[in-house]
Amino acid sequence: MPRISLPPSRTLTPHPGAVPYYTFPAFDVFPFVRHGFSTRLGGVSGGDCASMNLSFGRGDDPACVRENFGRLCGAIGVKAENVVVSAQEHHTNLYNATAADRGRGITREKGYTDIDGLLTDEPDVVLCTQYADCVPLFFLDPVRRAAALSHAGWRGTAARIGALTVERLCGDYGCRREDILVGVGPSIGFCCFEVDAPVFEAFAGMAEFGPSCGRDDRNGKYHVSLWEMNRRILLAAGVREEHITVTDLCTRCHPDVFWSHRATGGRRGNLGAFLSLTA
């Protein structure tokens, strides 16, 4: 397969192989961690989902989706049969995944609904959440060896799913806030996230909101930075500033590389965030 070029990033590491993906340098230093964020490239799907679609719910051929999972998982060094897929509804429900959950959403039915975040402290349980502009949040405690992924759309961000994930890591696995590393992954940026008044007001009323979080365009439209809102929510939850890596890649600005709901008008596949501990 040909090598694929990826847009550069100041905060993430591109892996421009036949199946390209991105990783966080802060996570890459730990040999017991495998992770990655996919692109729309390097898969076998066709039509509106061409080519790396990682969702069975977009009208794609299931055989193509399974092949795509196999390719992406192979690229980042995990097994597709160990993947546990979320069941996202833009809420804040979190699920503790174990070895008994391997294969949910891949080789068998999920068996749950309304799950926007996954946590684990068990090796070879590959967490997977899915995206097409919303914000992927990666969590790692390298001391307690616990990990989590949370899906932060605007509703999840406003409901502080990032802070809730920190609380669950501490409460369920004995993590300390000061040890937790967080990566805010590729998603729609301040540049492109235009909203109406009710959405803007939901953020403007939050304690974490500041001038760098939103802008009134004076035409009944506003812009909001989900990246900055999530960063501030994580800081308020006790995560150290130097332990938070924020993406500089907007999915809407790079529709040739990432799936973007806004760029495609909803005719698209899904990206995937993957995170796993190893034995």
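Predicted model only: the values in this text are computed from it and were never measured.

Each value, and the rule that gives it
- Residue numbering note: each chain is counted from 1, following its sequence as written.
- Per-residue local features are limited, in this predicted model, to residues with pLDDT of at least 70; the limit for side-chain atom pairs, both in listing and counting, is 80 or more; totals at the level of whole chains, interfaces and linings are taken over all residues.
- Computation of side-chain values covers all heavy atoms of the structure but excludes hydrogens and water.
- Here, nonpolar core refers to any group of buried Ala, Val, Leu, Ile, Met, Phe, Trp, Tyr and Cys residues whose side-chain atoms link them within 4.5 Å.
- Remark: exposure states derive from per-residue accessible area (1.4 Å probe, protein chains only) relative to the maximum for the residue type, with buried under 20%, exposed over 50%, and partly exposed in between.
- Helix and strand definitions here come from DSSP, where helices need a minimum of 4 consecutive H or I residues and strands a minimum of 2 consecutive E residues; each element is numbered from the N-terminal end.
- Residue contacts follow a heavy-atom distance rule, with two residues in contact if any of their heavy atoms lie within 4.5 Å.
- Here, expected helix span is obtained from the residue count minus one, scaled by 1.5 Å.
- Two strands pair under a simple rule: DSSP has to find at least two bridges between them.
- Inter-axis angles, ranging from 0 to 180 degrees, are taken between N-to-C directions of lines fitted to C-alpha atoms, where helices are fitted over the stretch in contact.
- Salt bridges are identified by distance alone: a Lys or Arg side-chain nitrogen within 4 Å of an Asp or Glu carboxyl oxygen.

Draft legend 1. Focus on the nonpolar core. Ranked by internal contacts, the top residues of the largest apolar core, which has 38 residues, are Phe139, Val166, Leu169, Ile180, Phe203 and Leu234. Of all elements in the fold, only β8 (135-141), β9 (146-152), α4 (161-173), β10 (181-184), α5 (197-204), β13 (222-224) and α6 (226-236) reach the threshold of two or more residues within this core. The element best represented in this core is α4, accounting for six residues. Ignoring anything within four residues of it in the chain, the contact list for leucine 169 reads Leu119, Phe139, Ala146, Ala147, Ala148, Gly174, Cys175 and Ile180. Residues Leu6, Leu118, Phe138 and Leu271 belong to the second largest nonpolar core, which totals 33 residues.

Draft legend 2. Local environment of α4. With 13 residues, α4 should reach 18 Å at 1.5 Å per residue; the first-to-last C-alpha distance of 17 Å fits that figure. For α4, the set of buried residues is Ile161, Gly162, Ala163, Thr165, Val166, Leu169, Cys170 and Tyr173. The inward-facing, buried residues of α4 contact β5 (94-96), β6 (117-120), β8, β9, α3 (154-158) and α6. Phi turns positive one or two residues past the end of α4, at glycine 174, with a value near 75°.

Draft legend 3. The arrangement of the sheet that holds strand β11 (residues 194-195) in detail. In space, the three strands of this open sheet follow the order β11-β13-β12, with antiparallel pairing throughout. The open sheet is flanked by β11 and β12 (214-216), the only strands paired with a single partner. In the sheet, β12 pairs with β13 via three bridges, with the strands oriented antiparallel. By the bridge assignment, aspartate 216 is partnered in β13 with tyrosine 222. Seen against the sheet, α5 touches β11, β12 and β13 and runs at an angle of roughly 45° to β13.

Draft legend 4. Spatial organisation of the pattern of salt bridges. Taken as a whole and assessed by the stated rule, the structure comprises 14 salt bridges. In this structure, the salt-bridge partner of aspartate 217 is arginine 215, at a minimum N-O distance of 2.8 Å. You can call aspartate 217 partly exposed: its relative accessible area is 22%. Classification of arginine 215 as partly exposed rests on a relative accessible area of 38%. A salt bridge links arginine 231 to glutamate 241, with the nearest nitrogen and oxygen atoms 3.4 Å apart. Remark: glutamate 241 occurs in the loop between α6 and β14 (244-246) and arginine 231 occurs in helix α6; sequence separation between them is 10 residues. In the salt-bridge network here, residues are joined through shared partners; they are Glu228, Arg231, Arg232 and Glu241.

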